[in-house]
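# Chains, contacts and geometry: an overview
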Amino acid sequence: MPYDVPSQAEWMSSPTTDGYAAVLISPTARHFTGYGMGTYSFFNQGMDIFAAHAYEAPTPANVQMHDLLTIFLDAKNGKGGILHVINDTGGSSTIVNPDVPVTVTSYP
C-alpha cells in the first residue's frame, strides 16, 4: 500500500469503501489459491487513512487463501490502518495494535 496517500477522500475504491486492497482477486477469476501472504500499512501523512481490506476476493468463487496477515507499522509516525484482513473477515491492524500481526489462517 502506498505511504503517501493525500487524504482518505482521495483514496477510496468506491464511495463507501475506504482505500484499496493490496491484493484484489478479479471477479472473473476462475481459480486462485494464495499461501503465506502479508501486507502492511504505513500511512505517514499525519492523518487517519484506512483501507477497508488488505485482500479482496469475489464470493462465492473458487478462491482459497491460507496464512494471511496484516500489520500496522510505526505507531510513532503512522496513522490509520487496515480494517479487515480479507473482505470482511479478520481483525484490524491499526494504531491500537501496532507491530502485532493480525492473521487469517484459512479463507473461506
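Look up a bit, the structure's there.
Residues numbered from 1 in each chain as written. Predicted model: local features only at pLDDT ≥ 70, side-chain atom pairs only at ≥ 80, totals over all residues. Heavy atoms only, no water.

### A closer look at the nonpolar core
The test is simple: Nonpolar cores were defined as sets of buried Ala, Val, Leu, Ile, Met, Phe, Trp, Tyr and Cys residues, with membership established by side-chain atoms within 4.5 Å. Accessible area is worked out with a 1.4 Å probe on protein chains only. A residue is then buried under 20% of its type maximum, exposed over 50%, and partly exposed in between. Working rule for contacts: check all heavy atoms of both residues, and any pair within 4.5 Å makes them a contact.
Residues W11, Y55, M65, L68, V85 and I86 are the most contacted members of the largest nonpolar core, which totals 19 residues. Filtering out sequence-adjacent residues up to four positions away, I86 remains in contact with Y55, A57, M65, L68, V104 and Y107.

### Points about the packing of aromatic side chains
Keep this limit in mind: Side-chain rings of Phe, Tyr and Trp, where Trp is taken by its six-membered ring, are said to pair if the distance between their centres is within 6.5 Å; with planes under 30 degrees apart they count as stacked, over 60 as edge-to-face, and otherwise as tilted. Counting from the N terminus, the helices are the DSSP runs of H or I reaching at least four residues and the strands are the DSSP runs of E reaching at least two.
Within this structure, the stated rule accounts for 4 aromatic pairs. Judged by centre distance (6.3 Å) and plane angle (55°), the rings of Y3 and Y40 are tilted. Taken together, the positions of Y3 in the segment before strand 1 (12–14) and Y40 in strand 5 (residues 38–41) put the pair 37 residues apart, joining distant regions of the chain. Assessed through its relative accessible area of 37%, Y3 is described here as partly exposed. Here Y40 falls in the partly exposed class, since its relative accessible area comes to 34%.

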